[in-house]
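# Remarks on the overall topology
Listed here are the chains, written in short residue letters.
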Amino acid sequence: MFPIFYSIAMLIILPASFIISLWKAPFKSKLEWLLDSLVTTALIVWLFQAGNWSWVGYYVRFLWLVLLIVTIIYSWKKVSNLPFTIKYSVNQKFSIGIYIILILIFGTYNALVIKSYTVAEKGIELSFPLKNGTYYVGQGGNQVLMNYHQAYPGQKYALDILKLNTFGTRASGLYPEELNNYQIYADILYSPCNGKVVDIQNDLPDLPPPKSNPENPAGNHVALACENYDATIILAHMQKGSVAVAKGEKVTAGQILGKVGNSGNTSEPHLHIHAEKDGKGVPITFNDRFLVRNSLVR
C-alpha cells in the first residue's frame, strides 16, 4: 500500500499545502511573497513533469497549474502595496533562508528533469507495440528522477508503459489485486520491428499486485533481433501462455507477439520495453519521439 500513500502525498497533499500557504500567508514584504511564489512554482512545475500522474489522474496535473496561476494573481493583489523589503526579524531571516534553499532544491530537480528530455546517442526507431488506446509512459527519459531504469546500465532508456481510462488513471481503483481492473492487462502486443525472435519465456504465472517474482525479472517475454540494428529489443512481463511466436522465428513489424500480463519482477500490469547492445541500454524512439514520463501515445 506504500505506493498509494506516497503518490497521494506527493501529488495531492504536497502541492495543496504549498498552494494554501501562498494563498493565506501574511506577507510583510514583496520579497517574501516573491520567494514563496518561486518555491511554489518550482515545486508545481517539478511535480507536473516528474510525478507519476496515472495514479491520481493524468489531467489533475493541469488543475494544479491553473490553481497556481490563480493563487499567484490573488496573493499579488494582497502585497502589491507593500514595500519590497523591510527590516527583518531573526525568524523572518530564517524563513527567507529556507525559501532560498527550497528554490535551489526544486530548481535543481527541474534542471535534471529537463535533461531527461534529450539524449546524445542516436536512438533505435521502432513501431509502437500497442494499439487502440491511450498509452502512458510511467517510467522513461534520460534521468533517474524520471526513469529509475537509468540506474541499471543494461536497462538504460527502458520504458514502462501503462494504459489510461477516460479519467486518466491506469486502473479501476487505486491499487487493485484483480488484474483485469488494470486498463493495459491482456492488451495485444505487436512486433516493433522486422527481425528474428532470439528468446522467449511463456510459462510463468501472472501475479496479483503487489506480488512479484524477482527471480525471473523479465517474466514472460519476447526478445527480438531487429533488422538494421545491432541490438536486442526485449518486451517483458507478458501474460502466461500468450506468447504467439517461437524462438528462431522471423517476424514483421506489426505481427502479434502476445499479450500484456503481470509476470516477473513487476508491481502491476504494464509493458516493459528496452533495447540492449553489449550489455548496455540503447535509446529507442517511436515516430522519432524520445518518450519520457508523462508522454502519451494514442
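Before going into details, it helps to say that this report is about the structure given with it.

## Regarding helix 2 (residues 30-50)
Here helix 2 is 21 residues long and its end C-alpha atoms lie 30 Å apart, about the 30 Å a rise of 1.5 Å per residue gives. Most of helix 2 sits out of view: 16 of its 21 residues are buried.

## What to know about the state of the cysteines
Counted under the stated rule, the structure contains one disulfide. What pairs with Cys193 in a disulfide is Cys226, and their sulfur atoms sit 1.8 Å apart. Handedness here is read from the sign of the S-S torsion; for Cys193 and Cys226, about -65°, the answer is left-handed. With Cys193 in the loop between strand 4 (188-190) and strand 5 (195-201) and Cys226 in strand 6 (residues 220-226), the pair connects residues that are 33 residues apart, well separated along the chain.

## Overview of the packing of helix 2 against helix 4 (residues 90-115)
Running from N to C, helix 2 and helix 4 cross one another at 30°; their axes reach a closest spacing of 9 Å. Comparing the axis directions of helix 2 and helix 4 gives the class roughly parallel. As for the relative orientation of helix 2 and helix 4, their crossing is left-handed in sense. Across the interface between the two elements, Leu31, Glu32, Leu35, Asp36, Leu38, Val39, Ala42, Leu43, Val45, Trp46, Gln49 and Ala50 from helix 2 touch Gln92, Ile96, Tyr99, Leu102, Ile103, Phe106, Tyr109, Asn110 and Val113 from helix 4. Considered class by class, the residues forming the contact of helix 2 with helix 4 number 16 nonpolar, three polar and two charged.

## Quick look at the nonpolar core
In this structure, Phe27, Leu43, Trp46, Leu47, Trp53, Phe106 and Tyr136 are the most contacted members of the largest nonpolar core, which totals 35 residues. Of all the elements in the fold, those that place two or more residues in this core are helix 1 (2-24), helix 2, helix 3 (60-79), helix 4 and strand 3 (159-164). In terms of residues, this core owes the most to one element, helix 2, which gives ten residues.

Basis of the calculations
Residues numbered from 1 in each chain as written. Predicted model: local features only at pLDDT ≥ 70, side-chain atom pairs only at ≥ 80, totals over all residues. Heavy atoms only, no water. Helix = DSSP H or I, 4+ residues; strand = E, 2+ residues; numbered from the N terminus. Expected span 1.5 Å × (residues − 1). Buried < 20%, exposed > 50% of the residue type's maximum accessible area, 1.4 Å probe, protein only. Disulfide = S-S within 2.5 Å. Axes fitted to C-alpha atoms, helices over the stretch in contact; angles between N-to-C directions. Parallel < 35°, antiparallel > 145°, perpendicular 65-115°, else oblique. Left-handed = near helix turned anticlockwise from the far one by under 90°. Contact = heavy atoms within 4.5 Å. Nonpolar A, V, L, I, M, F, W, Y, C, P; charged D, E, K, R; others polar. Core = buried A, V, L, I, M, F, W, Y, C linked by side-chain atoms within 4.5 Å.

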